[in-house]
Amino acid sequence: MKKFALLGICILALNTFGFGQPVETKLNASEKAYILSRFCTEVKYNFAFYDKLEFNWDSLCVASVPALVDTPSDEDFIKGMEALCAWLQDGHTYVFSLNNPKNPEDWIRPFPMKTKRIGDRVFVVDVYSSVLQKSGVIPGCEILEIDGENVLEYAGKHIQPYLASSTPQWSKYRPLAEFELTKDKTSKASKILFRNKKGKEFTIEHDRKFPWDLEKSNSTTDLKILKGNIGLLTVSSFQDSDFDRSYFDQLYNKILDTEGLIIDIRDNGGGNSSHADYLISHFCNNPVPQGVWSSPMYIAAHASWNYAREFYKQTPEPISPVREKDIYQKPVVLLVNATTFSSAENFCVSFRGVKRGKIVGTPTGGSTGNPIFIDLGGGIGCCICTKHELDAEGNEFVGSGIQPDIVVEEDVG
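Predicted, not measured: the structure shown is a model, and the values here were computed from it.

## A word on the overall build of the protein chain
Thinking step 1. Helices and strands together make up the secondary structure of the protein chain, namely eleven helices and 20 strands.
Thinking step 2. Here the C-alpha atoms of the protein chain give a radius of gyration of 22 Å, agreeing with the 22 Å that 2.2 N^0.38 yields for 413 residues.
Thinking step 3. C-alpha extents for the protein chain along the principal axes are approximately 65 × 65 × 35 Å.
Thinking step 4. Counting the 413 residues in the protein chain, one finds 48% classified as buried.
Thinking step 5. Sequence separation of at least 24 residues holds for 73% of the intrachain contacts in the protein chain that already meet a minimum separation of 6.
Thinking step 6. Of the roughly 19300 Å² that the protein chain leaves accessible, carbon and sulfur atoms contribute 52%.
Thinking step 7. Computed over 44 positive and 53 negative side-chain charges, the separation of the two mean positions in the protein chain equals 3 Å.

See below:
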């Protein structure tokens, strides 16, 4: 996402364990029809890739009306809207609830742990509850099953069909990343089969009412010095609330003393791209070129004259090198993976555009762009991608991802 932090607001709305103020809603058929038609219309006017759709959006929306207005609950209606939205195949276009149910037992929460897919296996990477920890769940434990289903099949059945995704790699890895895997109603008990590092299998059966009592570092930027005085700079987020420029400035003084640098933005879901721009400005003496972006326009008079769909286009000014600091000119390598996303991909575009070093890993998530937030009514909102971006050489990367120079799959280590 370029220059705006709206994506962060939208993602925060989705990832917060309570979506908003407790509100009891029971949508009737007319209200559901209105919300559906409003969403379908907003997509036509705002979606940056509407002209690239390989199916008739109007026909799909009309065909969806009977089933969606007849859903037995608001929850089922939202799920249906998510499934409809998934047809757009865009990681920055999605539907979500704006309100919590009145009953806290129905709020959506995850188990207090982060997970990650590596190959065809899923591992715990962080734990936030002492209760879960004392039960044997620690980083490195593998998740084998959820509610009797193989963990990959569980994600494929319960998460992937409702996921906003631009690429196969995002669909494959995102449902098993961060807190996505175990989100469900607070009161719902789930049985999870784990295997620890010693190979012992054990089961945890619990609802989502765990205490979140283990404090974790708030820093998403970290520097380690490896053998040979090689720096490893990990930047896991460009969100305003996560990326602290003053803290990076402190680390940068140490970076300057290294003989080479690895920048790791694997699992960086993006945020405000001005932070990505700030980061790249330390690694190039020359201005960093940026790619053209476009956004759909609507002029009523032109529509009355049957003009073709129009777009506003702009080429942003190059990113200037940081001032009053030494530029890091030693070798740099960039690490990426399938959950490198949004403004983190914009960083990849800048990094490649100035030919600063090799990109190593697997293709990125393949989605960026500035979404518009729309309140559809009835406690339901959506974000729609309004911005189509190209890389500095005019190449597409949305829908395919940034392709690494050297493909290296992550392993269990």
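## Overview of the sheet that holds strand β17 (residues 371–377)
Thinking step 1. Spatial strand order, β1-β18-β17: three strands in an open sheet with antiparallel pairing. Of all strands in the sheet, those with a lone pairing partner are β1 (94–97) and β17, marking the two edges. Between one strand axis and the next, the sheet turns through 25° on average, direction left out of account.
Thinking step 2. Summarising the sheet, β1 and strand β18 (residues 380–385) pair through four bridges and their orientation is antiparallel. Counterpart to Val-95 in the pairing with β18 is Cys-382.

## With respect to the packing of aromatic side chains
Thinking step 1. Following the criterion strictly, the structure yields 23 aromatic pairs and no others.
Thinking step 2. Taking the centre distance of 5.8 Å and the plane angle of 70° together, the rings of Phe-47 and Phe-49 count as edge-to-face.
Thinking step 3. For Phe-49, a relative accessible area of 10% puts it in the buried group.
Thinking step 4. Ring geometry for Phe-194 and Phe-202: centres 5.4 Å apart, planes at 15°, overall stacked. You'll find Phe-194 and Phe-202 in the same group, each marked buried.
Thinking step 5. An aromatic cluster of at least three residues, connected via ring pairs, comprises Phe-238, Phe-243, Phe-248, Tyr-252, Tyr-278, Phe-283, Tyr-328, Phe-347 and Phe-351.

## A short note on the pairing of strand β4 (residues 121–127)
In regular strands, side chains alternate between the two faces of the sheet.
Thinking step 1. One ladder, built from six bridges, connects strand β3 (residues 113–118) with β4; its direction is antiparallel. Following the sheet pairing, Arg-117 is matched in β4 by Val-122.
Thinking step 2. A loop of two residues connects β3 with β4, the two strands running antiparallel in sequence, and Gly-119 in this loop sits at a positive phi of about 65°.
Thinking step 3. The pairing of β4 with strand β5 (residues 142–146) spans two bridges and is antiparallel. When the bridges of β5 are listed, Val-122 appears paired with Ile-143.

## Brief notes about the nonpolar core
Thinking step 1. Ranked by size, the top nonpolar core spans 62 residues in total, and within it Phe-39, Trp-57, Leu-233 and Phe-347 carry the most contacts.
Thinking step 2. When near neighbours in sequence (up to four residues on either side) are disregarded, Leu-233 contacts Thr-221, Asp-222, Leu-223, Phe-248, Leu-251, Ile-255, Leu-261, Ile-262, Ile-263, Asp-264 and Leu-279.
Thinking step 3. Counting 21 residues, the second-largest nonpolar core is a separate cluster that includes Val-122, Ile-143, Tyr-154 and Ala-155.

## Some details on the state of the cysteines
Thinking step 1. For the structure shown, the criterion picks out one disulfide.
Thinking step 2. Put simply, Cys-40 and Cys-61 are joined by a disulfide, and their sulfur atoms are 2.3 Å apart. Judged by the sign of its S-S torsion, about -105°, the bond between Cys-40 and Cys-61 is left-handed. In this pair, Cys-40 is assigned in helix α2 (residues 29–46) and Cys-61 in helix α3 (residues 57–69), connecting sequence segments 21 residues apart. Cys-61 shares its class with Cys-40; the two are buried.

## So, the environment of Val-122
Thinking step 1. Here Val-122 lies in strand β4.
Thinking step 2. Given the relative accessible area of 0%, Val-122 is considered buried.
Thinking step 3. Sequence-wise, Val-122 and Phe-194 are 72 residues apart; in three dimensions their C-alpha atoms are separated by 9.9 Å.
Thinking step 4. Each residue touching Val-122, except ones within four places of it in the same chain, is listed here: Thr-115, Lys-116, Arg-117, Cys-141, Glu-142, Ile-143, Val-151, Leu-152, Leu-176 and Leu-181.

## Side note on the pairing of strand β10 (residues 221–226)
Thinking step 1. Relative to strand β11 (residues 230–235), β10 runs antiparallel, the two being bridged by six bridges. Residue pairing in the sheet places Lys-224 in a bridge with Leu-232 of β11.
Thinking step 2. Counting the residues between successive antiparallel strands, the hairpin from β10 to β11 contains three residues, one of them, Gly-228, with a positive phi of roughly 80°.

## A short note on the packing of helix α9 (residues 273–280) against helix α11 (residues 343–353)
Helix packing for two helices is described by the angle between their axes and how far apart those axes are.
Thinking step 1. Remark: α9 packs on α11, axes separated minimally by 8 Å, with the N-to-C direction vectors making an angle of 30°. By the angle between their directions, the pair α9 and α11 is classed as roughly parallel. As α9 runs across α11, the sense of the crossing is right-handed. Here Ser-273, Ala-276, Leu-279 and Ile-280 of α9 lie close against α11, whose contacting residues are Ser-343, Asn-346, Phe-347, Ser-350 and Phe-351.

## Things to note about the side chain of Ser-166
Thinking step 1. Position of Ser-166 among the secondary structure elements: in the loop between α6 (151–158) and α7 (168–173).
Thinking step 2. Residue class for Ser-166 comes out buried when judged on its relative accessible area of 11%.
Thinking step 3. Side-chain polar atoms of Ser-166 contact the backbone nitrogen of Gly-91, separated by 2.8 Å.
Thinking step 4. With residues up to four places along the chain from it excluded, the contact list for Ser-166 reads Gln-89, Asp-90, Gly-91, Gly-366, Ser-367 and Gly-399.

Rules used in this analysis
- Residues numbered from 1 in each chain as written.
- Predicted model: local features only at pLDDT ≥ 70, side-chain atom pairs only at ≥ 80, totals over all residues.
- Heavy atoms only, no water.
- Helix = DSSP H or I, 4+ residues; strand = E, 2+ residues; numbered from the N terminus.
- Rg over C-alpha atoms; globule rule 2.2 N^0.38 Å.
- Buried < 20%, exposed > 50% of the residue type's maximum accessible area, 1.4 Å probe, protein only.
- Contact = heavy atoms within 4.5 Å.
- Areas by Shrake-Rupley, 256 points an atom, 1.4 Å probe, with all protein chains shown as cover.
- Lys, Arg positive; Asp, Glu negative; His and termini not counted.
- Charge placed at Lys NZ, Arg CZ, Asp CG, Glu CD.
- Pairing = 2+ DSSP bridges.
- Axes fitted to C-alpha atoms, helices over the stretch in contact; angles between N-to-C directions.
- Phe/Tyr/Trp six-rings, centres within 6.5 Å; stacked < 30°, edge-to-face > 60°.
- Core = buried A, V, L, I, M, F, W, Y, C linked by side-chain atoms within 4.5 Å.
- Disulfide = S-S within 2.5 Å.
- Parallel < 35°, antiparallel > 145°, perpendicular 65-115°, else oblique.
- Left-handed = near helix turned anticlockwise from the far one by under 90°.
- Polar contact = N/O pair within 3.5 Å; in protein donor to acceptor, adjacent residues only side chain to side chain.

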